[in-house]
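Residue-level structure breakdown
For reference, the chains in residue letters:
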Amino acid sequence: MNVLNFINAFFSDSAHWQGYDGIPTRVAEHIQYTLTALAIAAAVGLPVGLLTGHTGRGGNTLALIATAARALPSFGLMVLMFILLGLGMAPVMIPLVVLAVPPILVTTYEAMRSVDPAPVDAARGMGMAEAGVLFRVELPVALPLILSGLRSAAIQIVSTATIAAYVSFGGLGRYIIDGLYQRNYEKVVGGATLVAGLALATLAVFWTLGRLAVSAGVRRRG
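Residues numbered from 1 in each chain as written. Predicted model: local features only at pLDDT ≥ 70, side-chain atom pairs only at ≥ 80, totals over all residues. Heavy atoms only, no water.

A grouping of Phe75, Val79, Phe82, Ile83, Leu87 and Tyr166 is seen on the molecular surface, where their side chains present a nonpolar patch of about 610 Å² in accessible area. Checked against the element boundaries, isoleucine 83 lands in helix α4 (residues 74-85). (Patch = residues over 30% accessible without salt bridge, like charges linked within 9 Å, V, L, I, M, F, W, Y side chains within 5 Å. Areas by Shrake-Rupley, 256 points an atom, 1.4 Å probe, with all protein chains shown as cover. Salt bridge = Lys/Arg side-chain N within 4 Å of Asp/Glu carboxyl O. Helix = DSSP H or I, 4+ residues; strand = E, 2+ residues; numbered from the N terminus.)

This is the structure we're talking about:
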């Protein structure tokens, strides 16, 4: 039985579209995990990246932190957190946030540093406060690259949030873990297909967000 047959069998089974283990429920759980982890990571990474990028200080430290965080295995970190903290959402959220912070942090810093210094100097010369320079001059120009960092983090979270199923939580990883345990490869392939589809949907959301949030002049310049 090939992959396409597995996919067709999974999605054509009405039992997979209802109940606590139905596709709508599992997709909603996966989105919830993704949005929660992304929001926490953005709350950490964006302010630090904006501030350090604006001042031009701390770039080497950020690179070191990002490299160290990327070296941590998400699954191993989740198991460690589960042992230390017990059953709960924290052992799932911590590795997802640790995974998502580096691309947000580093990309935001690089986006701010890539802004043309001429308008920044002009704004300061006109007496604009540093907050105004940051939010009215630098941020609008840096926004496309900042969104790319958020997009990268979101894709990584969507792909990795399947680990929640290892500690008895839901999400699309439930199909993959349960399917492997039951040797139900139809369920495994169906779950993997849903994760891939959600990743593509995430790309579409950020493309739309970029079209709405980034000014036409900045898009043309990019």
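Having put the structure on the table, let's press on.
In this section: the packing of aromatic side chains. Evaluated as defined, the whole model comprises three aromatic pairs. Between phenylalanine 10 and tyrosine 175, the aromatic rings sit 5.3 Å apart at their centres with planes inclined by 80°, giving edge-to-face as the arrangement. You can see phenylalanine 10 sitting in helix α1 (residues 3-12) and its partner tyrosine 175 sitting in helix α8 (residues 173-182), a full 165 residues away along the chain. Owing to a relative accessible area of 0%, phenylalanine 10 belongs among the buried residues under this scheme. Aromatic side chains phenylalanine 11 and tryptophan 17 sit 6.3 Å apart centroid to centroid with 50° between the ring planes, which places their arrangement in the tilted category. Owing to a relative accessible area of 26%, phenylalanine 11 belongs among the partly exposed residues under this scheme. (Phe/Tyr/Trp six-rings, centres within 6.5 Å; stacked < 30°, edge-to-face > 60°. Buried < 20%, exposed > 50% of the residue type's maximum accessible area, 1.4 Å probe, protein only.)

A few words on the nonpolar core. Leu38, Val92, Leu96, Ile104 and Leu150 are the most contacted members of the largest nonpolar core, which totals 40 residues. For this core, the secondary structure elements donating two or more residues are α2 (23-55), α5 (90-113), α6 (117-125) and α7 (130-160). Residues contacting leucine 38, with those up to four places away along its chain left out, are Ile104, Leu150, Ala153, Ala154, Ile157 and Phe206. Membership of the second largest hydrophobic core comes to nine residues, among which are Phe10, Ile23, Val158 and Val195. (Core = buried A, V, L, I, M, F, W, Y, C linked by side-chain atoms within 4.5 Å. Contact = heavy atoms within 4.5 Å.)

On to α2, then. For an α-helix the count is 3.6 residues per turn, leaving residues at separations of three or four pointing the same way. Helix length check: α2, at 33 residues, gives a terminal C-alpha distance of 47 Å against a target of 48 Å (1.5 Å per residue), a fit within 8%. Taking the largest bend as the criterion, α2 deviates by roughly 30°, centred on alanine 42. Of the residues flanking the end of α2, it is glycine 56, one or two places downstream, whose phi is positive at about 75°. (Expected span 1.5 Å × (residues − 1). Bend = angle between axes of the 7 residues up to and from the residue.)

A separate point is the packing of α1 against helix α9 (residues 185-213). Contact pair α1 / α9: the axes reach a minimum separation of 8 Å and the direction vectors enclose 85°. Taken together, the axes of α1 and α9 lie roughly perpendicular to each other. The residues of α9 that touch α1, namely those facing Val3, Phe6, Ile7, Ala9, Phe10 and Phe11, are Tyr185, Glu186, Lys187, Val189, Gly190, Gly191, Thr193 and Leu194. Tallied by class, the residues present in the contact of α1 with α9 amount to nine nonpolar, three polar and two charged. (Axes fitted to C-alpha atoms, helices over the stretch in contact; angles between N-to-C directions. Parallel < 35°, antiparallel > 145°, perpendicular 65-115°, else oblique. Nonpolar A, V, L, I, M, F, W, Y, C, P; charged D, E, K, R; others polar.)

Right, let's talk about α5 for a bit. Between its first and last C-alpha, α5 extends 34 Å over 24 residues, near the 34 Å set by a 1.5 Å rise per residue. Summarising burial for α5: 18 of the 24 residues are buried, a large majority.

Within the element layout of this structure, alanine 66 appears in helix α3 (residues 59-71). With 33 residues separating them along the chain, alanine 66 and leucine 99 place their C-alpha atoms 9.3 Å apart. Excluding anything up to four places from it in sequence, alanine 66 contacts Pro102 and Val106.

Per the counting criterion, the structure on display carries four salt bridges. The partner of glutamate 29 in a salt bridge is arginine 26, and the shortest N-O contact between them spans 2.9 Å. Of the two residues, glutamate 29 and arginine 26 are both situated in helix α2; the distance of three residues between them amounts to about one turn of the helix. Glutamate 130 is paired through a salt bridge with arginine 124; the nearest N and O atoms lie 2.9 Å apart. On the basis of relative accessible area, glutamate 130 is assigned to the partly exposed category, the value being 40%. Taken together, the shared-partner salt bridges in this structure form one network comprising Asp21, Arg26 and Glu29.

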